[in-house]
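# An overview of the molecular structure
Listed here are the chains, written in short residue letters.
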Amino acid sequence: MSSQNNPHTNAKSIPLSERRWLKLARPVIIVVALIATWQVLVIMTGAPKYMLPPPADVWNTLISRHDVLFDHARYTIAETVIGLFAGAALGTLAAIPMALFSPVRFWLMPILLVSQAIPFFALAPLLVLWLGFGLASKIAMAALIIFFPVTVAFFDGLARTETGWLDLARTMGASRWRLLTHIRLPAALPAFASGFRVATAVAPIGAVIGEWVGSSHGLGYLMLHANARVQIDMVFACLLILCAFSITQYFIVDRILRAALPWQPDSLKPAR
Amino acid sequence: MRNTEQTSVGTQNPTRFDVHLSGARVAFGSADIFHDLDLTLKAGSFTCLLGPSGVGKSTLLRYLAGLVEGDVSGNITCSDGEILKNRVAYMAQQDLLLPWRTVRENVELGAVLRGERPDHKRAEQLIGQVGLTDAAHLRPAKLSGGMKQRAALARTLMEDRPVVLMDEPFSALDPVNRLRLQELAARVLRGKTVLLVTHDPLEALRLGDNVHVLSGTPATLQDAITPSGQSPREIADPDILAKQAELLRQLGAEIAS
C-alpha cells in the first residue's frame with residue numbers, strides 16, 4: 001500500500017512473524033516430543049525389540065526397506081483418496097434430496113442410521129467376497145466409512161439455512177431451485193467442509209481394514225505379514241507412513257477447503 | 001468521481017396505490033398476537049410502527065410481506081385491484097447479506113434469484129447513492145455495521161418494489177450512523193409506500209408521515225400521530241420533541257400497565 005502505512009505495518013509485523021515462527025515450529029516440537037517419549041518408554045520398560053522397537057530401528061527400516069514400503073503405500077493411498085471422493089460424492093448426493101424433500105428424509109434417515117449400526121469390521125469380509133481382493137473392496141470400505149459424516153454434516157448445513165435469508169429470498173420471488181443453488185448450497189458448504197475434514201481423517205482406516213481382511217497389496221497387508229513374522233520395526237514403519245500420509249492429506253484438504261470458502265469465519269485473515 | 005447527490009440516477013418509481021389491511025389476525029399457539037386489525041398505507045406515504053418489544057410489530061410487518069405461516073387470516077387489498085404479493089421489498093434488522101457474495105453481487109441478488117439478468121449499471125448507481133462505490137467489490141466481512149446496512153438498503157432499492165417493509169433496519173447501529181442512514185433512507189425512499197417498524201420514537205417521528213403505536217394483547221393500533229414538515233425532520237424541532245414526549249408517554253403507560 002502507500003508508503004505512509006509502512007511504519008504502522010512494521011510495528012504490527014513483529015508479533016505476527018513471531019506467531020508464524022511458532023506455527024511452523026509447533027509440528028516439529030510435537031514430533032520430537034513424541035519420539036522422545038517413545039525412546040524413554042523403550043528405556044524405562046526395557047521391552048525387547050520384538051515388542052517395542054526403539055525409534056532408531058524403525059528409522060533404519062524406513063530407509064533400508066523404502067522400496068517395499070513405497071510400493072505398498074501407493075495402493076493404500078490410492079484406495080484412500082478414491083474412497084474419499086467416492087464417499088463424499090455419495091454423501092452429497094444423499095444429503096441434497098434429503099434436505100429438499102421431506103419424504104426422502106423420512107425414508108432415508110433410518111436407513112442411514114441402520115447402516116451406522118453395522119460394525120464396519122464385520123462388513124469387510126463380505127466386501128472382499130463380493131468385490132474381490134483388488135482395489136474395489138478397499139475403496140468401497142473407505143467410501144462407506146466416509147459416507148456417513150459427510151452426509152450428516154452436509155444435510156445439517158442444508159437444513160439450517162439462516163431463516164432471514166429464506167425470508168428475503170421469498171419476498172424476492174426466488175424459485176426453489178435458485179434458492180438451493182444460490183443460497184442453501186453455498187450456505188451449507190462450511191458444514192460440508194467440516195464433515196469432509198472428519199472424513200479425511202478416517203478414510204485411511206477403511207482402506208487398511210479392507211487390506212487386513214483380504215488383499216495382496218497395501219500397508220495393511222504388509223503390516224499383517226510383518227506382524228506374523230515378528231518384524232515389529234516394519235509394522236511401526238507402516239504405521240508411521242500411514243500417520244504421515246493422513247496428516248498430509250488432512251492439511252492439503254484443509255488448505256483447499258479454506259481457499260475455496262474464503263468467507264468462512266475461521267479462515268478470515270486477522271483484522272488489520 | 002460519481003455524484004452521490006445526483007437524484008436522477010437509480011430513481012425509484014413512485015407508488016400509486018394504497019394498501020388496505022382489514023380484519024388481520026395472527027395467532028401463535030392459542031394466543032392471538034392481534035385480531036381484527038385494520039391499517040391503511042396511503043400511496044407513497046411513510047408509516048412507522050412503534051410499540052414495546054414482543055407486542056407483534058414485526059409479526060404485522062411479516063404478515064404484510066406474506067412471511068407468516070400457520071394460524072393467519074385477514075384481507076390485504078390494494079386500491080389498484082392487484083394483489084400485494086411480489087410487490088414488496090423486505091429489509092430486516094440483520095443486513096442479511098450473503099457472506100460469499102460481494103456488495104455488488106448482494107445488491108443484484110433479487111434478479112439472480114428470479115433467473116433474470118441483473119442490471120449492473122443500475123446496481124452501480126444505487127451503490128453510489130448509498131456511498132459504497134469504493135466497497136462494491138468487497139465481501140460483507142470487510143464492511144462496518146453501517147456499511148452493511150447501506151448495502152442492504154441498496155439491495156432493497158434495487159428491487160424497486162412499490163411497497164417497502166423495514167423491520168428495525170437501523171436499530172443495531174450507533175447513534176451517528178443511525179441518523180445518517182435515516183437521512184439516506186428518507187431521501188432514497190421518497191415516493192414509495194413504506195412501513196417501518198422501530199422501537200425508537202425519535203426515528204419514527206423523523207421519518208414517518210404517520211406514526212402508530214401498537215400495544216396490548218391482543219395488540220391494537222392507536223390513532224396515528226402525524227408530525228408536520230417533510231422528512232427527515234430535525235431532531236431538535238420543538239414539534240418533534242413534544243410529540244416524542246407524547247409517544248414516550250403512550251409507550252410508558254403501556255409498559256406500566
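Residues numbered from 1 in each chain as written. Chains lettered and ligands numbered in written order. Predicted model: local features only at pLDDT ≥ 70, side-chain atom pairs only at ≥ 80, totals over all residues.

For sheets, the rule is that strands pair by backbone hydrogen bonds, running either parallel or antiparallel. All names here are of chain B. Ordered by their spatial adjacency, 3 strands build an open sheet running β2-β1-β4, and the pairing between neighbours is antiparallel. The open sheet has two free edges, formed respectively by β2 (31-41) and β4 (71-78), since each of these has just one partner strand. Averaged over all pairs of adjacent strands, the angle between strand axes in this sheet comes to 10°, irrespective of strand direction. Contacting β1 (19-28), β2 and β4, helix α1 (residues 57-64) crosses the sheet at an angle of about 120° to β1. (Pairing = 2+ DSSP bridges. Helix = DSSP H or I, 4+ residues; strand = E, 2+ residues; numbered from the N terminus. Axes fitted to C-alpha atoms, helices over the stretch in contact; angles between N-to-C directions. Contact = placed C-beta atoms within 7 Å.)

With that out of the way, let us pick up the nonpolar core. Of all hydrophobic cores here, the largest spans 76 residues; its most connected members are B:L64, B:A154 and B:L165. With sequence-adjacent residues up to four places away left out, B:A154 is seen in contact with B:V107, B:L126, B:I127, B:V130 and B:L132. In terms of nonpolar packing, the next biggest core, distinct from the first, is built from 50 residues, A:A73, A:M98, A:F154 and A:L222 among them. (Core = buried A, V, L, I, M, F, W, Y, C linked by C-beta atoms within 7 Å. Buried ≥ 20, exposed ≤ 12 C-beta atoms within 10 Å, placed from the backbone.)

The next thing to look at is the interface of chain A and chain B. Contacts between chain A and chain B engage 18 residues on the former and 21 residues on the latter. For the side of chain A that touches chain B, the secondary-structure elements that each account for two or more residues are α7 (163-171) and α8 (176-213) of chain A. The leading source of residues in the side of chain A that touches chain B is α7(A), at 7 residues. Across the side of chain A that touches chain B, the residue classes break down as 10 nonpolar, 5 polar and 3 charged. (Nonpolar A, V, L, I, M, F, W, Y, C, P; charged D, E, K, R; others polar.)

This paragraph deals with unusual backbone geometry. Geometrically, the link from B:T217 to B:P218 is a cis peptide bond, its omega value of -10° lying close to zero. Following the sequence through the fold, B:P218 ends up in the loop between β8 (210-215) and β9 (220-221). Looking along the chain, the bond that leaves B:S231 and enters B:P232 is cis, with omega of -5°. Residue position: B:P232 is located in the loop between β9 and α8 (238-256). Of note in this structure, A:V230 is not a glycine but carries a positive phi near 55°. Summarising the element assignment, A:V230 is placed in the loop between α9 (219-228) and α10 (232-260). Judged by the 12 C-beta atoms lying within 10 Å of it, A:V230 is exposed.

All names here are of chain B. Counting buried residues in strand β6 (residues 163-167) gives 5 out of 5 residues, a clear majority hidden from the surface. Going residue by residue along β6, you find V163, L165 and D167 tucked away on one face and V164 and M166 tucked away on the opposite face as well. Across 4 bridges, the pairing between strand β5 (residues 88-91) and β6 is parallel. Residue V88 lies in a different strand from β6, and its bridge partner there is V163. Sheet topology places β6 next to strand β7 (residues 193-197); 5 bridges connect them, and they run parallel. Along β7, the bridge assignment pairs D167 with V197. Crossover β6 to β7 through helix α6 (residues 175-188) is right-handed. (Right-handed = clockwise from strand over helix to strand, strands pointing away.)

Sheet architecture is open: 6 strands sit in the order β5-β6-β7-β3-β8-β9 (chain B), paired in mixed fashion. If you trace the sheet from one side to the other, it starts and ends with β5 and β9 of chain B, each paired once.

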